[in-house]
Amino acid sequence: MDTQQLKLDIEALGPWFYPFSLAPGVVTPSKVPQEVQGIFETRRQMLEHAARAHFGHRLASIRAVDVGCHEGYYSFALRDLGVPDVLGLDFREDNLRRARFVGQCLGVGGVRFEQADAEELNPALLGEFPLVLCYGLLYHLENPMRVLRRLYALTGELLVLETQVVDEVDGVTEWGSREWTRPFHGVLAVIDETGEYQEGNAETGSTPVVTCPSPRALRFLLQAAGFRDVQQVDPPPGAYEQLARGKRVVVTARK
Ligand SMILES: C[S@@+](CC[C@H](N)C(=O)[O-])C[C@H]1O[C@@H](n2cnc3c(N)ncnc32)[C@H](O)[C@@H]1O
């Protein structure tokens, strides 16, 4: 494809979330502010670290699924790590159109993109994946536990999940009488994304009602879904500030 046509296609498909380098001197114009774009590489490094630590040379023989894949940035990152068969899922067809375009421009084989709602993932249709990736999705969900159960059903060995987290809240609540109490296992904060949702923002969930977990809640929900050995991945030196400060976390969890 000639460069002029490539630029026209990029413009027609936008707005773009990630800065993909599609040809010499041609980068998709990310709408993410420059000072925030460091988040992409930090999360990629954390994914690479987690995937290599668990699978090692077996990365070259597994299949992986990227749930909430958007334009496929981390699906392509998995392919770059040598995973031969990657399925990217997202419920927004517009995002997937850009993902497929990137794949075509870069001539990447072994990565497919399909439309799917994370709340309705069907392992009977999709099968099991040794590696399940779920980045940047959990805190855009109305029903995070339902999705964690779906992810557990899809996971063959390892889930790598990234999410925003809210500050921890510890405490007890009354539970039927003044004397009867129950401890909290962290909290799910309720967030209103109505504004972004109604503006057609391509990163929100399928409804404007969002919950965001605290770290303890995240661990508890993952374990309640069936996962074990939940570990937080250390941010690398020079990490994007939110990951460095633990306001976003990457965790691994085993089936
Ligand atoms: C904030 S973006 C994160 C994209 C990418 N995973 C990342 O971390 O950079 C959230 C993505 O999840 C998708 N998404 C939101 N709710 C979904 C759902 N219920 N099922 C599937 N995809 C969903 C959105 O369309 C969007 O592409």
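Structure: above.
In what follows, the accompanying structure is described. (Residues numbered from 1 in each chain as written. Predicted model: local features only at pLDDT ≥ 70, side-chain atom pairs only at ≥ 80, totals over all residues. Heavy atoms only, no water.)

### Points about the pattern of salt bridges
Working step 1: Summed over all chains, the structure comprises 20 salt bridges.
Working step 2: As a salt-bridge pair, Glu48 and Arg52 come within 2.9 Å of each other at their nearest N and O atoms. One end of the pair is Glu48 and the other is Arg52, both in helix H2 (residues 38-55) and four residues apart, which spans about a single turn.
Working step 3: The salt bridge involving Asp229 is made with Arg254; its shortest N-O contact spans 3.1 Å. In this pair, Asp229 is assigned in strand S12 (residues 228-232) and Arg254 in strand S13 (residues 248-254), connecting sequence segments 25 residues apart.
Working step 4: The exposure class assigned to Asp229 is partly exposed, which follows from its relative accessible area of 35%. (Salt bridge = Lys/Arg side-chain N within 4 Å of Asp/Glu carboxyl O. Helix = DSSP H or I, 4+ residues; strand = E, 2+ residues; numbered from the N terminus. Buried < 20%, exposed > 50% of the residue type's maximum accessible area, 1.4 Å probe, protein only.)

### Here's the deal with the nonpolar core
Working step 1: Grouped together as the largest cluster of nonpolar side chains are 45 residues, with contacts concentrated most on Phe20, Phe40, Tyr74, Leu78, Leu131, Tyr135 and Val160.
Working step 2: Looking at this core, the elements that each hand over two or more residues are helix H1 (3-13), strand S1 (21-23), H2, helix H3 (73-80), helix H4 (93-106), strand S5 (111-115), strand S6 (129-135) and strand S7 (155-164).
Working step 3: Ranked by the residues each element gives to this core, the list is headed by H2, at seven residues.
Working step 4: Dropping the residues within four chain positions of it, Tyr74 is found in contact with Tyr18, Ile39, Phe40, Arg43, Arg44, Leu47, Asp66, Leu133 and Tyr135.
Working step 5: Judged by nonpolar contacts, the second largest core, of 31 residues, contains Leu126, Leu138, Leu141 and Ala225. (Core = buried A, V, L, I, M, F, W, Y, C linked by side-chain atoms within 4.5 Å. Contact = heavy atoms within 4.5 Å.)

### Structural notes on H3
Residues three or four positions apart in an α-helix share a direction because the helix packs 3.6 residues into each turn.
Working step 1: Within H3, six of the eight residues are buried, which leaves the element mostly enclosed by the surrounding structure.
Working step 2: Buried within H3 are the following residues: Tyr73, Tyr74, Ser75, Phe76, Ala77 and Leu78.
Working step 3: Looking at the packing, one finds that the buried side of H3 touches H2, strand S3 (63-67), strand S4 (85-90), H4, S5 and S6.
Working step 4: One or two residues past the end of H3 sits Gly82, with phi positive at roughly 105 degrees.

### Digging into the side chain of Ser75
Working step 1: In this structure, Ser75 sits in helix H3.
Working step 2: Apart from residues no more than four positions distant in its own chain, Ser75 is found in contact with Asp66, Cys69, Val86, Gly88, Val111 and Phe113.

### Considerations on unusual backbone geometry
Working step 1: That bond from Gly14 to Pro15 is cis: its omega, 5 degrees, falls within 30 degrees of zero.
Working step 2: Here Pro15 shows up in the loop between H1 and S1.
Working step 3: Its identity as a non-glycine residue notwithstanding, His70 has a phi of 60 degrees, on the positive side.
Working step 4: Summarising the element assignment, His70 is placed in the loop between S3 and H3.
Working step 5: Not every positive phi belongs to a glycine, and Asp229 is a case in point at roughly 50 degrees.

### Digging into the sheet that holds S7
Picture the strands of a sheet paired through backbone hydrogen bonds; they go either parallel or antiparallel.
Working step 1: A sheet is described by the order of its strands in space; here seven strands give the open sequence S5-S4-S3-S6-S7-S13-S12, paired in mixed fashion. Single-partner strands in this sheet number two, and they are S5 and S12. Adjacent strand axes in the sheet meet at a mean angle of 20 degrees when their direction is disregarded.
Working step 2: Relative to S5, S4 is paired through five bridges, and the arrangement is parallel. Within S5, the residue paired with Leu89 across the bridge is Glu114.
Working step 3: Contacting S3, S6 and S7, helix H6 (residues 144-154) crosses the sheet at an angle of about 150 degrees to S7. (Pairing = 2+ DSSP bridges. Axes fitted to C-alpha atoms, helices over the stretch in contact; angles between N-to-C directions.)

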